[in-house]
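# Secondary and tertiary structure notes
So you can see what is in the structure, the chains are spelled out below.
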Amino acid sequence: MKNFLSHYINEKMYIENPPLETEKFIKFCEICGIITSKEELEFFEKKELLYPIIRIDRPIFSGENGKYYSDYHIFEEDRHDSTYFFDLIRNWYNNGVIYHPTQKQFKSWDQFKSVQLNNEDKMIVSFYSNFQIILLEKIKEYNLNSINFSHEKTDFRVEKCDTIVENEKTYLELNLNIKIKVSDTDKLPIIYSNPDIPLDYKKLLIEKTNSSFDFEIKKRNFIQRNRDFHGILKFLLSVQSVYIPYAHSGGGKVTHKSRKWFEIKSKFNLKKILTILNIKFLDVVQYYQQISEICQNILGSNYDWVQLWKNISWQKKQRLHGNLRLGVEYLGWGIMLKKTIEEYLSREIPDIDEISNLHFEDIITIDLEDTTKNHIHLRALRNLLYSDNVKSFYH
């Protein structure tokens, strides 16, 4: 991610979707029904699970009223009308004022505050992308911020609990009696690694228990399962300045058309982005399928809920809270990816709720005007049900 930051800064990828300062990211997550805190985000950074995309060491200046920290609201949309802030951001990056957290050794966030200058003491400021809620939600679901005892096959009883203080830190010292169900019958199942050699069941149970209780094992398994996320994040960041307006509009039509947006869109080159990120076009198609699947899981895969929400204005969607708001955020990101793919191919592809039972390669090859395969894919069924004499085919 630290190598990607240069590309992000120089290409002004923050214009249509500015990064969120930590407090704003926490608030955004809360609106989407995901509760986090500075302490939790600090823990995830320390454990190398989730980093801010940008950190700023605020320069100190001297003025008529004494010393003060520089303004850090440099990514806000109202700053994009002047080249001054573009040049400032690039200059700060080139001089190490703006950097990715992995470029420096981790230090606790309480060290981000320093001497108070002009009623401010915030010396270091961190920024997240709203897209990072994808990984944050997965981390919390995987329960990497604590040990999960809730399991239908596990019973535990606290035999002893003492409070102890070591090195000015407080701990609970527990003695647990844990019982793990391994069979639904009175027989111990035999597990084979191959047809001839039975596996030591006791050893297997120890490994399973360690994988549930050992943080490093859980972390390693989590990273392995979610290794695609960083590719998705970098791609969404790379195309957001062109395609986020499609996500923030009803019916997929851009209502916000600033001069700066037209200028950026005219220079957009997907092949260049694919080369820089070292990914293939089919990877983007897979990203589209993954985001669409999560969107449907939240908004509902039955009936036409996705079509309903797609055609509601962004102003109304912004009033939503909780899981439904998270769902329409995923919907917007899916629209972004769909539009990116379509403009690259110069033709339409199946919609977000029409690809769940398709192989990702079929998404870009399927005949959208087909009415005969309604038992295979939803678009064919919609063609059959909703075609008319004017348009001929569902859109």
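Keep in mind it's a predicted model, so treat the numbers as computed, not measured.

Cut-off values and rules
- Sequence order as written defines residue numbering, which begins from 1 separately in each chain.
- Local features in this predicted model are restricted to residues of pLDDT 70 or higher, and side-chain atom pairs are both shown and tallied only at a pLDDT of 80 or more, whereas totals for entire chains, interfaces and linings draw on every residue.
- No hydrogens and no water enter the side-chain calculation; it runs on all heavy atoms of the structure.
- We count a salt bridge whenever a side-chain nitrogen from Lys or Arg sits within 4 Å of a carboxyl oxygen from Asp or Glu.
- Helix numbers and strand numbers start at the N terminus; a helix is a DSSP run of H or I with at least 4 residues, a strand a run of E with at least 2.
- Only protein chains enter the area calculation, which uses a 1.4 Å probe; residues under 20% of their type maximum are buried, those over 50% are exposed, and those in between are partly exposed.
- Method remark: on a 1 Å grid restricted to protein atoms, a set of points is classed as a cavity if a 1.4 Å probe fits but cannot get out and as a pocket if it is open with protein on both sides within 12 Å along at least five of seven lines; lining residues have an atom within 4 Å of a point.
- Grid points are joined across faces, edges and corners, and a volume is the space filled by probe spheres set on the points.
- The residue classification treats Ala, Val, Leu, Ile, Met, Phe, Trp, Tyr, Cys and Pro as nonpolar and Asp, Glu, Lys and Arg as charged. All others, Gly included, are polar.

Turning next to the pattern of salt bridges. Overall, the coordinates contain 16 salt bridges when judged by the stated rule. Put simply, K267 and E263 hold a salt bridge, and the shortest N to O gap is 3.8 Å. You can see K267 and its partner E263 sitting in helix α9 (residues 259–267), four residues apart, about one turn around the helix. Given a relative accessible area of 63%, K267 falls into the exposed group. Residue classification places E263 among the partly exposed residues on the basis of a relative accessible area of 29%. Between R325 and E329 there is a salt bridge, with the nearest N and O atoms lying 2.9 Å from each other. Of this pair, R325 and E329 both sit in helix α14 (residues 323–345), separated by four residues, roughly a single helical turn. Looking at R325, the relative accessible area reads 7%, which means it is buried. Residue classification places E329 among the buried positions, given a relative accessible area of 4%.

Tallied over the entire structure, the rule returns one cavity of 30 Å³ or more. Looking at the largest cavity, the residues that line it are I244, A247, H248, W314, V328, E329, G332 and W333. Among the residues making up the lining of the largest cavity, the classes are represented as five nonpolar, two polar and one charged.

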